[in-house]
Amino acid sequence: MDKILDIDNIDLKIISLLNEDAKTPYTEIAKKVFVSSGTVHVRMKKLEDMGIVKSATLNIDFSKLGYDISAFLGIYLEKSSLYDTVIENLKTISEVVSAYYTTGNYSIFAKIICRDTNHLRFVLDTIQKVEGIDRTETLIVLEESINRPIQFFDKEK
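Just so we're clear, the structure is a prediction, and the values are computed from it rather than from any experiment.

We now examine the overall build of the chain. Looking only at helices and strands, one finds five helices and four strands in the chain. Across the chain, helices and strands are ordered from the amino to the carboxyl terminus as α-α-α-β-α-β-β-α-β. Compactness check: the chain gives a C-alpha radius of gyration of 20 Å against a globular reference of 15 Å for 157 residues, more than 25% above the reference. The principal-axis extent of the C-alpha atoms belonging to the chain is close to 55 × 40 × 25 Å. Among the 157 residues that make up the chain, the fraction classed as buried is 30%. Across the chain, every contact between residues at least 6 apart in sequence was considered, and the portion connecting residues at least 24 apart equals 66%.

Set out below in structure tokens:
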């Protein structure tokens, strides 16, 4: 917890700018934050060492790659003690792109991405055969209206 105290507004600005576009060169980040590019590099290394920055990711339009269906899957477990086993099995299904251990109706809430309804049906059949899963509920995404990173500072300040 003490390492969090080593984070200042410059670190947060760097994180926010790279969170918007991970491909932004450090020289451009440096100009916006009013530090040297070397400082940005050192700070990013520190944030990586602290485990705050885990990786850089791409924001992909999967529909342009032929994956037209996104769905959320509420998963009911037979017993909560089977969570670890079920998650390990879900990790082997490439269409499962994220999964969360949750409170509420579902034990696990997962996001899956599929090419079409036939592919979705195949993936759902595969998931429902995982030992420890009692049943599932599928919510098909009609539109993704918000997908943004969290802002750590006010851009106007």
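From this point, the narrative continues.
Right, let's get into the side chain of Thr24. Topologically, Thr24 is positioned in the loop between helix H1 (9–20) and helix H2 (26–33). Of the polar contacts made by the side chain of Thr24, one reaches the backbone oxygen of Asp21; its length is 2.8 Å. Not counting chain neighbours up to four residues away, the residues in contact with Thr24 comprise Leu17, Leu18 and Ile29.

It is worth spelling out the sheet that holds strand E4 (residues 133–140) at this point. Spatial strand order, E2-E3-E1-E4: four strands in an open sheet with antiparallel pairing. Edge positions in the sheet fall to strand E2 (96–101) and E4, since each has one partner strand and no second. This sheet shows a mean twist of 20 degrees between the axes of neighbouring strands, independent of strand direction. Looking at chain direction, strand E1 (residues 69–77) and E4 are connected through seven bridges and run antiparallel. Each bridged residue has a counterpart across the sheet, and for Tyr76 the counterpart in E4 is Arg135. Its contacts with the sheet put helix H4 (residues 83–90) on E1, E2, strand E3 (108–114) and E4, and the angle it makes with E3 is roughly 10 degrees. Against the sheet, helix H5 (residues 117–128) touches E1, E2, E3 and E4, its axis set at about 145 degrees to E3.

The subject of this paragraph is the UniProt feature "domain: HTH asnC-type" (unreviewed entry) in the chain. Using the residue numbers shown here, the UniProt feature "domain: HTH asnC-type" (unreviewed entry) corresponds to residues 7–68. Annotated as 53% helix and 0% strand, the span residues 7–68 places its first and last C-alpha atoms 40 Å apart.

Conventions we followed
- Residues numbered from 1 in each chain as written.
- Predicted model: local features only at pLDDT ≥ 70, side-chain atom pairs only at ≥ 80, totals over all residues.
- Heavy atoms only, no water.
- Helix = DSSP H or I, 4+ residues; strand = E, 2+ residues; numbered from the N terminus.
- Rg over C-alpha atoms; globule rule 2.2 N^0.38 Å.
- Buried < 20%, exposed > 50% of the residue type's maximum accessible area, 1.4 Å probe, protein only.
- Contact = heavy atoms within 4.5 Å.
- Polar contact = N/O pair within 3.5 Å; in protein donor to acceptor, adjacent residues only side chain to side chain.
- Pairing = 2+ DSSP bridges.
- Axes fitted to C-alpha atoms, helices over the stretch in contact; angles between N-to-C directions.
- UniProt positions renumbered as here; feature names shortened; annotations may be inferred.

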